[in-house]
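Examining the three-dimensional arrangement
Spelled out from the first residue to the last, the chains are:
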Amino acid sequence: MTTRLVDISKAREQSVQAFYAYLWPGRRDGVVSSRLTDVFHGKEVLLPHRLHCSLNAAIAHAFRDTTTVYHAPEIPTEAAVIAAWDVLMRPLLLPELQVDLLRLVHRSIDIAYTLGASPLQVGDTIRVKSFVRSVLIEALGKLVIVEAQRLSSNF
């Protein structure tokens, strides 16, 4: 005999969204009151030396000459995802999006430099903005594409 736990509460989706709103962007009230067409702005984030060291420790095994990785002042572009986490997650919490966050699947992430953008450096302060690029209904579920852009204050 198998026992299953089934949630039949009418406010399940709202409860899950409130929980993640509290957990991810740190919204103590659990409410995200923005709209699907809004632009989401993040706070300024300093990229400290300890972040540089942590990222290098995580990825250095992929390089033959780790001395150039550890001593270069550049921070991998993927570090911008850390600064962008709040504004990447906030659109997923919008009630009008109507997504089941417990069934959310991360499909991919693409990172690209725009013309004139400089590499991230230790000590840079960056801000990020995001917006929902598209929402597509597919056979396997809803595909939500959120685009984020780095706004560096160190141009």
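Our structure is the block above this text.
Reading the values: the criteria
Residues numbered from 1 in each chain as written. Predicted model: local features only at pLDDT ≥ 70, side-chain atom pairs only at ≥ 80, totals over all residues. Heavy atoms only, no water. Helix = DSSP H or I, 4+ residues; strand = E, 2+ residues; numbered from the N terminus. Contact = heavy atoms within 4.5 Å. Areas by Shrake-Rupley, 256 points an atom, 1.4 Å probe, with all protein chains shown as cover. Core = buried A, V, L, I, M, F, W, Y, C linked by side-chain atoms within 4.5 Å. Buried < 20%, exposed > 50% of the residue type's maximum accessible area, 1.4 Å probe, protein only. Salt bridge = Lys/Arg side-chain N within 4 Å of Asp/Glu carboxyl O.

Take the overall build of the protein chain next. When helices and strands are counted, the protein chain shows four helices and six strands. Moving toward the C terminus, one meets the helices and strands of the protein chain in the order α-β-β-α-α-β-α-β-β-β. If you take every contact in the protein chain between residues at least 6 apart in sequence, the share linking residues at least 24 apart comes to 69%. When the accessible surface of the protein chain is split by element, carbon and sulfur atoms take 56% of a total near 11,000 Å².

This part covers the nonpolar core. Core analysis: the largest hydrophobic core is formed by 24 residues, its most contacted members being Leu-47, Ile-75, Ala-79, Leu-101, Leu-120 and Ile-126. Listed by contribution, the elements that provide at least two residues to this core are α1 (12-23), α2 (49-59), α4 (79-89) and β5 (125-138). Here this core takes seven residues from α4, the largest share from any one element. In this structure, Ala-79 is in contact with Leu-51, Leu-55 and Leu-120, ignoring residues within four places of it in sequence.

Further remarks concern the environment of Pro-119. Inspection of the secondary structure assignment puts Pro-119 in the loop between α4 and β4 (120-121). Judged by its relative accessible area of 36%, Pro-119 is partly exposed. Pro-119 sits 46 residues away from Pro-73 along the chain, and the two C-alpha atoms are 9.5 Å apart. Once you skip the residues sitting within four places of it in the chain, Pro-119 turns out to touch Glu-74, Tyr-113 and Asp-124.

Its location among the elements puts Leu-102 in the loop between α4 and β4. Along the chain, Leu-102 and Tyr-20 lie 82 residues apart, while their C-alpha atoms are 9.8 Å from each other. Leaving out residues up to four positions away in the same chain, Leu-102 has contacts with Arg-12, Val-16 and Tyr-20.

Moving on: the pattern of salt bridges. Enumeration according to the criterion identifies three salt bridges in this entry. Note that Arg-35 is salt-bridged to Glu-96, the shortest N-O span being 3.8 Å. Of this pair, Arg-35 sits in the loop between α1 and β1 (40-41) while Glu-96 sits in the loop between α4 and β4, and the two are 61 residues apart along the sequence. The exposure class of Arg-35 is exposed, given its relative accessible area of 51%. Note on Glu-96: relative accessible area 35%, which makes it partly exposed.

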